[in-house]
Every structure is written in structure tokens, then in C-alpha cells.
Amino acid sequence: MDIFRPADILLPDQNKCDLSKWSVIACDQYTSEPGYWEKAAEIADGAPSALNIIFPEAFLDKGDEAERIEKINKTMRRYIEDGLFEEYKNSMIYVERKQYNGKVRRGIVGAVDLECYDYSVGSESQIRATEGTILSRIPPRKRIRENASLEMPHIIMLIDDREKSVVESVAERRDDLKKLYDFDLMLGGGHISGWLIDKKGIEDVMDGISALGDSELYRKKYGADGGGKLIMAVGDGNHSLATAKACWEDIKKGLTEDEKKTHPARYALVELMNLHDPTLEFEAIHRVMFDVDPEAVMAALKEYYPQASEEFRGGGQRVTVVYGHTEKKLYIKGSECSVSAGTIQQFIDDYIEKHGGSVDYIHGGRVVRMLAFEPNRIGFILDGIRKNELFEGVIHEGALPRKTFSMGEAADKRYYLEARKIKK
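All of the points below concern the structure found in this document. What you see is a predicted model; the values in this text were computed from it and never measured.

## Some thoughts on the packing of aromatic side chains
In step 1: Under the criterion given, the structure shown has 14 aromatic pairs.
In step 2: Judged by centre distance (6.0 Å) and plane angle (50 degrees), the ring pair of Tyr117 and Tyr119 falls under tilted.
In step 3: Judged by relative accessible area, which is 1%, Tyr117 ranks as buried.
In step 4: With a centroid separation of 5.2 Å and an interplanar angle of 65 degrees, the aromatic rings of Phe312 and Tyr331 are classed as edge-to-face. In this pair, Phe312 is assigned in the loop between helix 10 (294–304) and strand 14 (317–323) and Tyr331 in strand 15 (residues 326–332), connecting sequence segments 19 residues apart.
In step 5: In this structure Phe312 comes out as exposed when scored by relative accessible area, which is 56%.
In step 6: By way of ring pairs, the aromatic residues Tyr304, Tyr305, Phe347 and Tyr351 are connected into one cluster.

Right, dumping it as C-alpha cells:
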């Protein structure tokens, strides 16, 4: 069973579509900045655009969910019927993304087999979540996906390929491949280029991924023998992949065994990256609380963690607290969580349950400071984890606390570009 495989990938016909207007950032970005999405709409300006077939989470609670979803599904069908897409059968695409800082990130677009993925606690599947999955976040996403004709990935999967034998092997042969697209992304997203991987390249990718499960190599890397081998981990888009899995579990109940093997909903389109790509940087996901009294939150935090101190006393998890003109560091000891994201999340959940308010998850300290400057808000800026700890931590301890890390700043998140049919 191949956990990562070629797919029938759709790309907009560039004679019918301006890709710089088509490609938009992942729907779970800029959730507290609807102005970003308004600017994206101005750029797309009536042209064919992925913006018309996604549901930005900034608008999830606006009371028009059913109407938005119906419009998305109609637009998907219209794009297909109008022949907007060119289909690349049984393919993989090598992608290079030049970020705003000039660094080039490399990946491969293909499909993962959802039968090899399990997001439940204690999972020993070959594909696993790196962070805890919030089950309540799946139903609204299911409503978007369950009747959709297409999927577009903002999911990024990671392999712990220390020998750099998979993605990098394709990169070395890039100039021998057919270039499919090459354009600037909107709103500070940098530049993206893609090449169609040939048959030899696809075989090398699949062989390289298979080799990561070698028992001796696995034992040397992780000191682990028993249970299933973790080969691929979710780096971004955890709840999107979980939603694809939940939809597949519903669909397959009505299928024969032969139908289950080939049904398109069994797979999910993703971009595969090497954890050890030098451009891959793990960023902490910060928190901002809304509709709260910042001073009351600070007092409650110190009561919740009595060993917390504003002075560094030889240890503790560091959290930077910001509200209004105030910015201070707290060093928290005595938490049962090994990472600061879990430590602060436990407090936030407890506070909101008792006193009300809400929380949003923010990429970038600058955005936290901007949001927390407004009255009745308080922000928590967290330190990130070291990426070399990721696979070993998931293998030995299970999924990390939710919203622990992100790969890069918001502007560097994956943009929607490729698509795939998920209905027969």
C-alpha cells in the first residue's frame, strides 16, 4: 500500500485564467483580518479564482454558511463544465516557492492514501497528526467538502528524510522536467514555479518514501521498534486532512471492496516536504484573547500558575504577554505540558469557560501586538519548538497540543493552485 502516490491533477488552463488571480492563500489564514480577504477579492475582480471555491475562515461565523457553500459548489461545477482545467493524469508536480525573504522552499504535490492515516489519540498509523485534532472543528469543514466536486490542497505533509533522498532527488533533475507554471503570488506571497515530474522521478519518490520505513534505519533514528512506523506527519492543514478522512469514512460505508480501492475520495491532494529542507522554519502559533479585561486575565494567570514569575529564575517556559502599551515576559514553571502552547492553552480554556471571552490563533508577533493594542484584548507570544524534535515527540508522546507550531509566517503559507476531482 503506497501512502503517497500520483494523482489526476487539475491546473487552470493559462489561456483561460490568470494564475496570479487564481491562486490565493490557505483559508485558515488571516482569520482576524477580513480586510486581507477583501483585498484578495479586489485583485481577483471577477476573474476565475480559487477564492470563489474556498470558504475563508474569517467569514465562518457570519450567518451565511449554507448560501456560501451552495455558491462554492455551483462555481466548482461551472469551472469544470466550462473546461477551465487541464488534467495531468497519474502525475506529481515538483514545486519551488520563493518566499518574500528570497529563500526557496521545495515540495512535491501528490496524493496521500487516507486508509494509511488516523488522527485519533494514540494512533500508530503511517500518517499521523502532529498536533491534537479538535473534533468540533471537523463538522463545519465536512459541510463544505461533502458535496464539493473538487479539492485543492493547503495541506503540507512532512517526511523525516535526513539523507535528502526524496524531494531533493527531484530538485536535482528539475531542468530536465516540463515547466507547468511560473508566476508571482498575490499579496506578498512571493513567487511559485512548478514542473511535471516524469515517470523515473515518480518511481524515485515512491521508492525513497518506502525506504524511510526500513526497520534498522527507523530504530536508529527514533529508538523505536514496536507498533506502526510513522512515515509521514501533517505539517500544515491538520483539520483539512482530518475532514477528508471523516468524509471518506462516511463514503466508503456504501462501497464494495473493489470500489473502495479506486474511489477518488479515498485520497487527498497534498504537498510533500522534507522536514530538513533548510528553508523550513517552525514558527510558534500565538494567541490573542478578545472581550476580556487584560488585568483580570493577568491576575488569573498568576493564580492558575502560582510559580509563574516575571523574572527569569533558572527555568520555566517563556511567554511574552502584550496588551495596550504593556509588554512583559512570564516564566512559567509547574506545568504538566512540555511546550508553552499547551501550558497557555490550558489556562485560556479554563478562563474562557469561567469568565467568557474568546481566543484566536495568530501567526506572527507583529500581528499579535497590533491586535492586542486594542481595548479588551490580551496577546500571548510563544516560543517555537525545534523541528528535529517533531517526529520523535509524536512517536514517543503522541500528538502535540493543538496549535503548537506553524511552518513559517502567514504570508508564506501554501496558496491554492492545483485541484483534483473527488466525486465519481
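## Remarks on empty space enclosed by the protein
In step 1: Counted under the stated rule, the structure contains 6 cavities of 30 Å³ or more.
In step 2: Its boundaries defined by the atoms lining it, the largest cavity holds a volume of some 440 Å³.
In step 3: Lining the largest cavity are 25 residues, with Ile144, Arg145, Met152, Ser240 and Tyr416 sitting closest to its centre.
In step 4: Contributing elements (two or more residues each) for the lining of the largest cavity: helix 3 (65–81), helix 4 (138–145), strand 7 (150–151), helix 8 (238–252) and strand 12 (267–274).
In step 5: Class assignment of the residues belonging to the lining of the largest cavity gives a composition of 18 nonpolar, 3 polar and 4 charged.
In step 6: Taken as a whole, the second largest cavity holds about 270 Å³ of empty space.
In step 7: Mapped by element, the contributors of at least two residues to the lining of the second largest cavity are strand 11 (232–236) and helix 8.
In step 8: Across the lining of the second largest cavity, the residue classes break down as 3 nonpolar, 10 polar and 9 charged.

Definitions and cut-offs
Residues numbered from 1 in each chain as written. Predicted model: local features only at pLDDT ≥ 70, side-chain atom pairs only at ≥ 80, totals over all residues. Heavy atoms only, no water. Phe/Tyr/Trp six-rings, centres within 6.5 Å; stacked < 30°, edge-to-face > 60°. Buried < 20%, exposed > 50% of the residue type's maximum accessible area, 1.4 Å probe, protein only. Helix = DSSP H or I, 4+ residues; strand = E, 2+ residues; numbered from the N terminus. 1 Å grid on protein atoms, 1.4 Å probe; cavity = no way out; pocket = protein on both sides within 12 Å on 5 of 7 lines; lining within 4 Å. Points joined across faces, edges and corners; volume = space filled by probe spheres on them. Nonpolar A, V, L, I, M, F, W, Y, C, P; charged D, E, K, R; others polar.

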